[in-house]
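# Coordinates in review
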Amino acid sequence: MPSSAGRPKIWMTRRWLEPVMARLEADYDVTVHPADVPLTPEVMQARMRLFDALCPAASDPVTAETLLIPDARVRMIGNFGVGYDKVDTAAAKTAGIVVTNTPDVLTDTTAELALLLILMVSRRAQEAQRRLHAGLWAEGQLGVVLGHSLAGKTLGLVGFGRIARVTAQKARDALGMKIAYFSRTRAAPEVEAELGATYAESLEVLAGMADVLSLHTPGGADTRHLIDERILRLMKPSAYLINTARGSVVDEKAVARALRDGVIAGAGLDVFENEPKIEPDLMGLDNAVLLPHMGSATFETRVAMGMRVADNLDAFFAGREPPDRVA
Ligand code: 8YV
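The numbering scheme is per chain: residues are counted from 1 as the chain's sequence reads. The model is predicted, so local features are restricted to residues of pLDDT at least 70 and side-chain atom pairs to those at 80 or more, both for listing and for counting; the totals for chains, interfaces and linings are taken over all residues. Hydrogens and water molecules were not included; the side-chain quantities draw on all heavy atoms of the structure.

## Details of the pattern of salt bridges
Test applied: Every case where a carboxyl oxygen of Asp or Glu lies within 4 Å of a side-chain nitrogen of Lys or Arg is listed as a salt bridge. Helical segments are the DSSP runs of H or I of at least four residues, strand segments are the runs of E of at least two, and each set is numbered from the N terminus. We call a residue buried when its accessible area falls under 20% of the maximum for its residue type, exposed when it is over 50%, and partly exposed in between, using a 1.4 Å probe and counting protein chains only.
Summed over all chains, the structure comprises 24 salt bridges. In this structure, the salt-bridge partner of Arg257 is Glu229, at a minimum N-O distance of 2.9 Å. Highlighted residues: Arg257 in helix H11 (residues 252-261) and Glu229 in helix H10 (residues 229-234), separated in sequence by 28 residues. According to the relative accessible area criterion, Glu229 is partly exposed, its value standing at 33%. Salt bridges here are not isolated pairs; linked through shared partners, they connect Asp104, Arg162, Arg308 and Asp324.

Written out as structure tokens, the structure is:
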């Protein structure tokens, strides 16, 4: 699609990495939204009238209010992320707008981040680093920043999709952890056998058996506050909670209380319900490792995600079925 006037017009809510921008700009008429202008519904609606496709990040809301305007020009949403809970897919279907996501390319990277959080929390790396920066080198004082070993401990996965399975495989192979999981649909026996994974009959059972409870469900209404005070109280006091899925899956105030009161031992959280705003009660706790939603944040993966969106745009505008269509 190199020729000028007829090129599809695409709008990106933020600038992607240069190799992706170069590819998109070669084929499309690309507009990048300025970082300092908030994405209000009015801004989104105006862009719906001007462009052929929108490319939001996974955290940008694309609501019914935006999608259902009567005079929309947009025909496709190329979501930059595997999770698309911020796109109202029911409204998109009603409006006849195609939605795509970016599966597979971020699976390993997000699983790596889950392992990073598991290791940081269990070895109290953040607390130790804070002490070091404060000039409190603790090496000579046995017992000052003691963590807990992971080998032989149980990693309990909530949800058992691609990222959960790769997290399980890495935790088993690299850390010697045992694997258990709960999901609405039980995996095939050969999948369980390959990972040595035990199926827990319920979330409650899994919460009670896990030394590390790691969340891998989609976001959205169905999983909102799945991890609440009741579930936290079923966990072992020595257990850790890890969330690389979506902030909405946990009741953050309940997690902060559980961390403060010793109901659980620690938490590693990469995602937050109202990100980039963080629940104030979670801030400053030594046993809460907080990261700014960086599960997919490597150069290689962010390029691959952008290329995946470009593949979907190319297919759509060539009149083919986009490979990663979700609505
Ligand atoms: C975001 C994500 O896409 O893939 C997802 O579901 O949440 C992330 O990869 C990324 O943070 C950019 O917003």
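## Digging into the site of the ligand
Here is the rule: Here a residue counts as near a molecule or strand whenever at least one of its heavy atoms sits within 4 Å of it. Whenever two N or O atoms come within 3.5 Å, that pair is a polar contact, provided that in protein one can donate a hydrogen and the other can accept it, and provided that, for residues adjacent in sequence, both atoms are side-chain atoms. Accessible surface area values rest on a Shrake-Rupley calculation with a 1.4 Å probe, where residue burial reflects the displayed protein chains alone. Just so you know the grouping, Ala, Val, Leu, Ile, Met, Phe, Trp, Tyr, Cys and Pro go in nonpolar, Asp, Glu, Lys and Arg go in charged, and all remaining residues, Gly too, go in polar.
Neighbouring residues of the ligand: 13 residues in total, closest Phe80, Gly83, Arg246, His293 and Ser296. Backbone polar atom of Val82 to an oxygen atom of the ligand: 2.8 Å apart, as the coordinates give it. Between an oxygen atom of the ligand and a side-chain N or O atom of His293, the distance comes to 2.7 Å. Computed on the free molecule, the ligand has an accessible area of 330 Å², of which 89% lies beneath the protein chains in the complex. Partitioning the shell around the ligand into residue classes produces 6 nonpolar, 5 polar and 2 charged.

## Observations regarding helix H12 (residues 299-317)
Going by this rule: Residue count minus one, scaled by 1.5 Å, sets the expected span of a helix. We call two residues in contact whenever any of their non-hydrogen atoms come within 4.5 Å of each other.
Compared with an ideal rise of 1.5 Å per residue, which puts 19 residues at 27 Å, H12 spans 27 Å between its outermost C-alpha atoms and is within 8% of the ideal. All buried positions along H12 are accounted for by Thr301, Val303, Met305, Gly306, Arg308, Val309, Ala310, Asn312, Leu313, Asp314 and Ala315. Buried residues belonging to H12 abut strand S1 (9-12), helix H1 (18-27), strand S3 (53-55), strand S4 (76-78), strand S5 (98-100) and helix H5 (107-122). Following H12 by one or two positions, Gly319 adopts a phi angle in the positive range, close to 80°.

## A look at the packing of aromatic side chains
Stated formally: Between the rings of Phe, Tyr and Trp (Trp by its six-membered ring), a pair exists once the centres lie within 6.5 Å; its type follows the angle of the planes, with under 30 degrees stacked, over 60 edge-to-face, and the other angles tilted.
Scanning the model with the defined rule gives 7 aromatic pairs in all. Here Phe316 and Phe317 contribute two aromatic rings whose centre-to-centre distance is 5.1 Å and whose plane-to-plane angle is 85°, an arrangement assigned as edge-to-face. With a relative accessible area of 24%, Phe317 lands in the partly exposed category. Aromatic ring contacts, followed pair by pair, group Phe160, Tyr181, Phe182 and Tyr199 into a single cluster.

## Examining the sheet that holds strand S7 (residues 178-182)
To be explicit about the condition: Here, a strand pair is defined by DSSP locating no fewer than two bridges between the strands. Axes here refer to lines fitted to C-alpha atoms; in helices the fit is confined to the stretch in contact. Angles between the N-to-C directions go from 0 to 180 degrees.
Ordered by their spatial adjacency, 7 strands build an open sheet running S8-S7-S6-S9-S10-S11-S12, and the pairing between neighbours is parallel. Looking at strand neighbours, the two that pair on one side only are strand S8 (197-199) and strand S12 (288-290), the edges of this open sheet. Across the sheet, the mean angle separating the axes of adjacent strands is 20° when strand polarity is ignored. Both strand S9 (residues 212-215) and strand S10 (residues 240-243) contribute to a ladder of 4 bridges, which runs parallel. Following the sheet pairing, Leu213 is matched in S10 by Leu241.

Honestly, that's just the spatial picture; any functional story needs more than this.
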